[in-house]
Amino acid sequence: MNGFGHPVQAQNGAPDENRRVKKHFLQNLSLKPLKTMTTLDPVILFFLLGLFAGLLRSELRLPPAIYEFLSVILLISIGLKGGVELSKQSFGSLVGQMGLVLALGFTLPLLLYPVLRLLGKLARADAASLAAHYGSVSVGTFAAASAWLTAHSVPFEEYMALFVVLLEVPAIVVGILLARGVSRETRWGKLAHEIFLGKGIVLLAGGLIVGWISGPQGVEPIGGLFFGIFKGVLALFLLEMGLIAAAQAGNLRKHGLFLALFGIITPLVCALIGGSLGAAMGLSIGGITLLATLAASASYIAVPAAMRLAVPEANPALSLTAALGVTFPFNVLVGIPLYHRMAVTLFGG
Amino acid sequence: MATSHLRKLLTVITESALEKDLCSDLESLGAHGYTVTDARGKGHRGVREAAWDPSGNIRVEVVCTKETACAIAEHLKAKYYSNYAMILYLSDVEVLRPEKF
């Protein structure tokens, strides 16, 4: 004790004083730095690390197989968690919510398309493709949002992973119809195969079903891999996403201001729509935040793949630059806390 | 050395999104087999660094007769050149078992 400059008598005879001094000491040493750090979650810091490393052209990159593995773990853990929660719900009570979420998935691209055509002056195929990207969802953003809510002890409806699956597909269909009209050239059978059996949907829906069948006790033995290291996996995943987002910077310079503005304003407007729907559905504040985040997010895996095949004349660089270079970083860094505040302010009463 | 026979090696480098379509095209146009490898690089459609799924390239190689190679090349040119990042080239190769190709 002497070494820290505290009076000796605090040690003998005055246990209360001793405790007080100790508490004070601990506060000084460990709690203070902790307090200042809580504003930025380490997973977000890893995203920033990737972003800066990429912008500074560091050699850093994860091997593609590792990135693939990380996304497999993320998709399965989100699915499993959702499935376990689903097993506690009566399916009937969810049918109404599922219908509304599907309707949201069809509506968002229809709202965005005219904006892109008229304000952005984009060609029909490009506008349709961008609308599809923004109508659909990003699982990475969902993972970051649920991690944020957990870190801030905001409870949410864990079964919402189901909504991720529901929101992935409708926008793709709308996007193709907007670009093509009802055309005989579109091979819907082949496309349906591509969309529904893509990696994302199979793993997410598969995880949901496995979690639903197994229930809470059933998934416990595999929880170490899928829940225990979730945050570590998310940190590595976001590191790579930072690198990928930084790689879009060159394209962004080329495609200019409209894309940057679209990539920031669209998530804000969509979050308001998604959040309002969440409130109307009676979700908790955490649930409203998550549905707002889902509406605000833009797909960068399922939709690009489907659009590349179904609407090949759409320039993929446009949508990927906006979705990955602008909207993903915006949502992860600014959007998620903002949508939570929006949910508290507008629907918190 | 055993007698060798002349064949064409057709190499296609394109977006990995096309893999399924491309391979079924190759088979229907008479290729007896093909080899696909992951690739990355840079062309006039920008850097393809294969960092995540949609940004990857593939390199598809087919050894076949000159007629088949020309038919495939014409078909790919007509179907994919305008909208996809794709290059293809032909070279002469010698094979030992002509019936395989």
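Right, let's walk through the structure included here. (Residues numbered from 1 in each chain as written. Chains lettered and ligands numbered in written order. Predicted model: local features only at pLDDT ≥ 70, side-chain atom pairs only at ≥ 80, totals over all residues. Heavy atoms only, no water.)

### With respect to the overall build of chain A
- Helix and strand counts for chain A come out as 16 helices and 0 strands.
- Each of the 349 residues in chain A was classed as buried or not, and the buried ones make up 50%.
- The contacts of chain A with a sequence gap of at least 6 include a subset with a gap of at least 24, amounting to 85%. (Helix = DSSP H or I, 4+ residues; strand = E, 2+ residues; numbered from the N terminus. Buried < 20%, exposed > 50% of the residue type's maximum accessible area, 1.4 Å probe, protein only. Contact = heavy atoms within 4.5 Å.)

### Some details on the overall build of chain B
- Within chain B, the regular secondary structure consists of 2 helices and 6 strands.
- The N-to-C order of helical and strand elements in chain B reads β-α-β-β-β-β-α-β.
- For chain B, the C-alpha atoms occupy an extent of roughly 45 × 30 × 20 Å along the three principal directions.
- Taking all 101 residues of chain B together, 38% fall into the buried category.
- Put simply, 77% of the contacts in chain B that link residues at least 6 apart link residues at least 24 apart.
- By element, 52% of the accessible surface of chain B is carried by carbon and sulfur atoms, the whole surface being about 5800 Å².
- In chain B, 13 positive and 14 negative side-chain charges are present, and the distance between their average locations comes to 3 Å. (Areas by Shrake-Rupley, 256 points an atom, 1.4 Å probe, with all protein chains shown as cover. Lys, Arg positive; Asp, Glu negative; His and termini not counted. Charge placed at Lys NZ, Arg CZ, Asp CG, Glu CD.)

### Let's talk about the side chain of Thr-293 of chain A
All names here are of chain A.
- Tracing the sequence through the fold places Thr-293 in helix 14 (residues 285-296).
- Judged by relative accessible area, Thr-293 falls into the buried class, the value being 2%.
- At 2.7 Å, the side chain of Thr-293 forms a polar contact with the backbone oxygen of Thr-289. (Polar contact = N/O pair within 3.5 Å; in protein donor to acceptor, adjacent residues only side chain to side chain.)

### Section: the nonpolar core
- Formed by 104 residues in total, the largest nonpolar core has its most connected members in Phe-163, Leu-234, Met-241 and Leu-291 of chain A.
- In this structure, Phe-163 of chain A is in contact with Gln-97, Val-101, Met-281, Leu-291 and Leu-294 of chain A, ignoring residues within four places of it in sequence.
- In this structure, Leu-18, Ile-58, Ala-73 and Met-86 of chain B belong to the second largest nonpolar core, which totals 19 residues. (Core = buried A, V, L, I, M, F, W, Y, C linked by side-chain atoms within 4.5 Å.)

### Overview of the sheet that holds strand 1 (residues 5-15) of chain B
Residues and elements named next belong to chain B.
- Strand order in the open sheet formed by 4 strands is 2-5-1-6, and the pairing between neighbours is antiparallel. Of all strands in the sheet, those with a lone pairing partner are strand 2 (35-39) and strand 6 (86-95), marking the two edges. When the angles between neighbouring strand axes are averaged without regard to direction, this sheet yields 20°.
- With 10 bridges connecting them, strand 1 and strand 6 associate as antiparallel partners. Its bridge partner lying in strand 6, Thr-11 is registered against Tyr-89.
- Strand contacts of helix 1 (residues 19-28): strand 1, strand 2, strand 5 (57-64) and strand 6, with the helix running at about 5° to strand 5, the strand carrying the most contacts.
- Sheet strands touched by helix 2 (residues 66-80): strand 1, strand 5 and strand 6. Its angle to strand 6, the strand with the most contacts, is close to 175°. (Pairing = 2+ DSSP bridges. Axes fitted to C-alpha atoms, helices over the stretch in contact; angles between N-to-C directions.)

### Description of the interface of chain B and chain A
- The interface of chain B with chain A comprises 14 residues on the first partner and 22 residues on the second.
- Around 1400 Å² of area is buried between chain B and chain A when both sides are counted, 49% of it from carbon and sulfur atoms.
- Applying the counting criterion to the chain B and chain A interface returns 4 salt bridges.
- Taking the shortest distance from any N to any O, the salt bridge between Asp-21 of chain B and Lys-190 of chain A comes out at 3.0 Å.
- Remark: the boundary between chain B and chain A carries 4 residue pairs in polar contact (both at pLDDT 80 or more). (Buried area = accessible area lost by both parts, 1.4 Å probe. Salt bridge = Lys/Arg side-chain N within 4 Å of Asp/Glu carboxyl O.)

### Thoughts on the pattern of salt bridges
- All chains considered together, the criterion is met by 11 salt bridges over all chains.
- A salt bridge links Lys-88 of chain A to Glu-85 of chain A; the nearest nitrogen and oxygen atoms lie 3.0 Å apart.
- A salt bridge links Glu-61 of chain B to Arg-59 of chain B; the nearest nitrogen and oxygen atoms lie 3.6 Å apart.
- Residues participating in the shared-partner salt-bridge network are Arg-187 and Lys-190 of chain A together with Asp-21 of chain B.

### Digging into helix 1 of chain B
- Every buried residue of helix 1 of chain B is listed here: Asp-21, Leu-22, Cys-23, Asp-25 and Leu-26 of chain B.
- At the C-terminal side of helix 1 of chain B, Gly-30 of chain B shows a positive phi close to 105°.

### Here's the deal with the state of the cysteines
All names here are of chain B.
- Evaluated as defined, the whole model comprises 0 disulfides over all chains.
- Here Cys-70 stays unpaired: no disulfide links it, and the sulfur of Cys-64, its closest cysteine neighbor, is 8.6 Å away.
- Its relative accessible area of 37% is what places Cys-70 among the partly exposed residues. (Disulfide = S-S within 2.5 Å.)

### A short note on the layout of surface pockets
Residues and elements named next belong to chain A.
- In this structure, the second largest pocket occupies an estimated 380 Å³ of space.
- In terms of lining, the second largest pocket is formed by 15 residues, of which the most central are Glu-185, Arg-187, Leu-309, Ala-310 and Pro-312.
- Classifying every residue of the lining of the second largest pocket gives 7 nonpolar, 2 polar and 6 charged. (1 Å grid on protein atoms, 1.4 Å probe; cavity = no way out; pocket = protein on both sides within 12 Å on 5 of 7 lines; lining within 4 Å. Points joined across faces, edges and corners; volume = space filled by probe spheres on them. Nonpolar A, V, L, I, M, F, W, Y, C, P; charged D, E, K, R; others polar.)

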